[in-house]
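Residue strings, one per chain:
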Amino acid sequence: MPDVTIKVDGREITAKTEETLLPALLAAGFDIPHMCYNEEIKPYGACRLCIVEVEAGGRRSVVSSCSYPVSDGMVVYTDTERIKKHRRMIVELLLARCPDVKEVRDLARDVGLEHEPRFAKRDKGCILCGLCTRACEQVVGVSAISFVGRGPDKEVGTPFLDRSDVCIGCGSCYYVCPVNYVEMEDEEDVRRFPQWKVEFEKVWCERLGRKVPKKMLEHFSKIAKIPEGWFEGSPAGKK
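Residues numbered from 1 in each chain as written. Predicted model: local features only at pLDDT ≥ 70, side-chain atom pairs only at ≥ 80, totals over all residues. Heavy atoms only, no water.

(A) Region of the structure containing the packing of aromatic side chains. All chains considered together, the criterion is met by two aromatic pairs. Considering the side-chain rings of Tyr174 and Tyr175, the 5.2 Å spacing of their centres and the 75 degrees angle between planes classify their relative orientation as edge-to-face. Between Phe193 and Phe200 the ring centres are 6.3 Å apart and the planes differ by 75 degrees, which places this aromatic pair in the edge-to-face class. For Phe193, a relative accessible area of 1% corresponds to the buried category. A cation over an aromatic ring shows up here: Arg60 above the ring of Tyr77, its NZ or CZ 3.5 Å from the ring centre. When the ring centre of Phe147 is taken as origin, the NZ or CZ atom of Lys154, which lies over that ring, is 4.4 Å away. (Phe/Tyr/Trp six-rings, centres within 6.5 Å; stacked < 30°, edge-to-face > 60°. Buried < 20%, exposed > 50% of the residue type's maximum accessible area, 1.4 Å probe, protein only. Lys NZ or Arg CZ within 6 Å of the ring centre and 35° of its normal.)

What follows is the structure, encoded as structure tokens:
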């Protein structure tokens, strides 16, 4: 697909036609805060930290750049007073929900939020960005976790907050979490996820050169139609 040209803060940059704004802006060196974006996962626009102004037909609109498609001739503003004001409000809401999360407090400092949140604090550790649930669904393909509850009681969890039978122990939820909310305990022969109430036996994987959950190997062997035993093995000194 041919590239398109867009003007950002008065500077022309090129982007791929199929791209959304955020990856194009990041690739061009613009400093756009974001927490719910991962290039391997379909954008969701959950945290809205990546908002920018887009001008069309003589009017400017505030959009989430992670989910807004680029188009040729687009005019974008990333650092206006309007954007700074909206972004501080978004961070203030995050800070009210997660007042003790280091990543959120760092973000508050970066956007110039100089006061404690004016909203009731909730002492949560999860910012509800949904990266973990989308990774589980889109990358791993098992949907072991999702959003549960509504309104102020909304959280990430397993169905009925019970033990998940479909979790494979891959740790994708742990690795993509931007605020280190997901807990994973990795011991020599077992991996646990206390929040999902599951634990997995680990076996030696010759291909990866380390022990990993047996159920994870079985899952990927099945979906990739890999011959039985291809992942596993017991080289000298390993069990």
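(B) Structural view of the environment of Ala96. Relative to the assigned elements, Ala96 resides in helix H2 (residues 81-97). Once the C-alpha coordinates of Ala96 and Ala120 are considered, the two residues, 24 residues apart in sequence, prove to be 6.2 Å apart. Setting aside chain neighbours within four positions, we find Ala96 in contact with Pro117, Phe119, Ala120, Lys121, Arg122 and Asp123. (Helix = DSSP H or I, 4+ residues; strand = E, 2+ residues; numbered from the N terminus. Contact = heavy atoms within 4.5 Å.)

(C) Structural detail: unusual backbone geometry. Positive phi, normally seen in glycine, also occurs at Leu128, with a value near 60 degrees. With respect to the helices and strands, Leu128 occurs in the loop between helix H3 (102-110) and helix H4 (131-140). Classification of Leu128 as buried rests on a relative accessible area of 19%.

(D) Expanded view of the nonpolar core. In terms of nonpolar packing, the biggest core is built from 50 residues, with Leu49, Val104, Ile127 and Trp196 touching the most fellow members. For this core, the elements supplying multiple residues, two or more each, are H2, H3, H4, helix H5 (172-176), strand S10 (198-205) and helix H6 (214-223). Leaving out residues up to four positions away in the same chain, Leu49 has contacts with Pro33, His34, Met35, Arg87, Ile90, Val91, Leu94 and Leu107. In terms of nonpolar packing, the next biggest core, distinct from the first, is built from 21 residues, Leu22, Phe30, Cys66 and Val70 among them. (Core = buried A, V, L, I, M, F, W, Y, C linked by side-chain atoms within 4.5 Å.)

(E) Structural view of the pattern of salt bridges. With the rule as written, the count across this model stands at 19 salt bridges. One salt bridge in this structure joins Arg105 and Glu116, with 3.2 Å as the shortest N-O distance. Of this pair, Arg105 sits in helix H3 while Glu116 sits in the loop between H3 and H4; the two residues are eleven residues apart in sequence, bridging distant segments of the chain. Asp189 serves as the salt-bridge partner of Lys211, at 2.5 Å between the closest nitrogen and oxygen. With Lys211 in strand S11 (residues 210-213) and Asp189 in the loop between strand S8 (185-186) and strand S9 (190-193), the pair connects residues that are 22 residues apart, well separated along the chain. Look at Lys211 and you get buried, because its relative accessible area is 18%. (Salt bridge = Lys/Arg side-chain N within 4 Å of Asp/Glu carboxyl O.)

(F) Seen up close, the pairing of S9. Sheet topology places S8 next to S9; two bridges connect them, and they run antiparallel. Residue pairing across strands places Glu185 opposite Arg192, the latter belonging to S9. Two strands pair when backbone bridges link them, and S9 and S10 are joined in this way by four bridges, in the antiparallel orientation. By the bridge assignment, Phe193 is partnered in S10 with Val198. Adjacent in sequence and paired antiparallel, S9 and S10 are bridged by four residues, among which Lys197 carries a positive phi angle near 60 degrees. (Pairing = 2+ DSSP bridges.)

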